[in-house]
Amino acid sequence: AQSVTQLDSHVSVSEGTPVLLRCNYSSSYSPSLFWYVQHPNKGLQLLLKYTSAATLVKGINGFEAEFKKSETSFHLTKPSAHMSDAAEYFCVVSATGNQFYFGTGTSLTVIP
Amino acid sequence: NAGVMQNPRHLVRRRGQEARLRCSPMKGHSHVYWYRQLPEEGLKFMVYLQKENIIDESGMPKERFSAEFPKEGPSILRIQQVVRGDSAAYFCASSKTPQETQYFGPGTRLLVL
């Protein structure tokens, strides 16, 4: 069975400071892992994905995530937050390909 | 290259009416997925379709909900006799193959009065 736990429902950071959004997964198979971002009343945009290649994955807008099998984690980071990063972030796991399992989301607030 | 398109973007229905949500996948994609997002929650898988076939409907409610993806035209998610609890955002995604990344549409926000 596959599942995702996003450890923080809300994260607030000051503009220019680092961002850390935590995600732990559970999967019976070698998973594919994704981070999507959703701005208010918009659709989901793919930030980055891990599919068993390099464990450190670089995405768009300066985000990156590291796959740590021993910790079953896939935390999302960014060195310096920008106001435009304020949004809802979803960690997603897929093992069988056709079903994506979403976490409950982390709402990121960026304080000017 | 247009992305996944969904319409309408917003839909208001009264209890007991029918709701029809449409999804046009990205060009070259033949795999379509529907998800539901209830307020303050993540997306939950509903159904996975290929052209003219339902592959996995394990996330669909047993009654009132149906989906199709005909040979020609968009995929349709149909909700009969809507109830207030059906109010949610419904997202469609598409992919080239089941193993590849799913790309999401902007969603249809259904409000049942």
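Residues numbered from 1 in each chain as written. Chains lettered and ligands numbered in written order. Predicted model: local features only at pLDDT ≥ 70, side-chain atom pairs only at ≥ 80, totals over all residues. Heavy atoms only, no water.

## Details of the overall build of chain B
(1) Moving on: Secondary structure assignment for chain B yields zero helices and eleven strands.
(2) Moving on: Reading the helices (α) and strands (β) of chain B from amino to carboxyl end gives β-β-β-β-β-β-β-β-β-β-β.
(3) Moving on: Computed over the C-alpha atoms, the radius of gyration of chain B is 13 Å, within 12% of the 13 Å expected from 2.2 N^0.38 for a compact globule of 113 residues.
(4) Moving on: Considered along the principal axes of its C-alpha atoms, chain B spans approximately 35 × 25 × 25 Å.
(5) Moving on: Relative to its full complement of 113 residues, chain B shows a buried share of 47%.
(6) Moving on: A separation threshold of at least 6 residues defines the contact pool for chain B, and within that pool the share at least 24 residues apart is 53%.
(7) Moving on: Accessible surface computed for chain B: about 5800 Å², of which carbon and sulfur atoms make up 47%.
(8) Moving on: Each charge class in chain B can be summarised by its mean position, and for the 17 positive and 11 negative side chains these summaries are 7 Å apart. (Helix = DSSP H or I, 4+ residues; strand = E, 2+ residues; numbered from the N terminus. Rg over C-alpha atoms; globule rule 2.2 N^0.38 Å. Buried < 20%, exposed > 50% of the residue type's maximum accessible area, 1.4 Å probe, protein only. Contact = heavy atoms within 4.5 Å. Areas by Shrake-Rupley, 256 points an atom, 1.4 Å probe, with all protein chains shown as cover. Lys, Arg positive; Asp, Glu negative; His and termini not counted. Charge placed at Lys NZ, Arg CZ, Asp CG, Glu CD.)

## A short note on the layout of surface pockets
(1) Moving on: Size it by volume and the largest pocket reaches roughly 520 Å³.
(2) Moving on: Surrounding the largest pocket, 22 residues form its lining, Gln38(A), Glu88(A), Gln37(B), Glu40(B) and Glu41(B) being those nearest its centre.
(3) Moving on: Of all elements in the fold, only strand S10 (87–94) of chain A together with strand S9 (88–95) of chain B reach the threshold of two or more residues within the lining of the largest pocket.
(4) Moving on: At three residues, S10(A) tops the list of elements feeding residues into the lining of the largest pocket.
(5) Moving on: Across the lining of the largest pocket, the residue classes tally to eight nonpolar, ten polar and four charged. (1 Å grid on protein atoms, 1.4 Å probe; cavity = no way out; pocket = protein on both sides within 12 Å on 5 of 7 lines; lining within 4 Å. Points joined across faces, edges and corners; volume = space filled by probe spheres on them. Nonpolar A, V, L, I, M, F, W, Y, C, P; charged D, E, K, R; others polar.)

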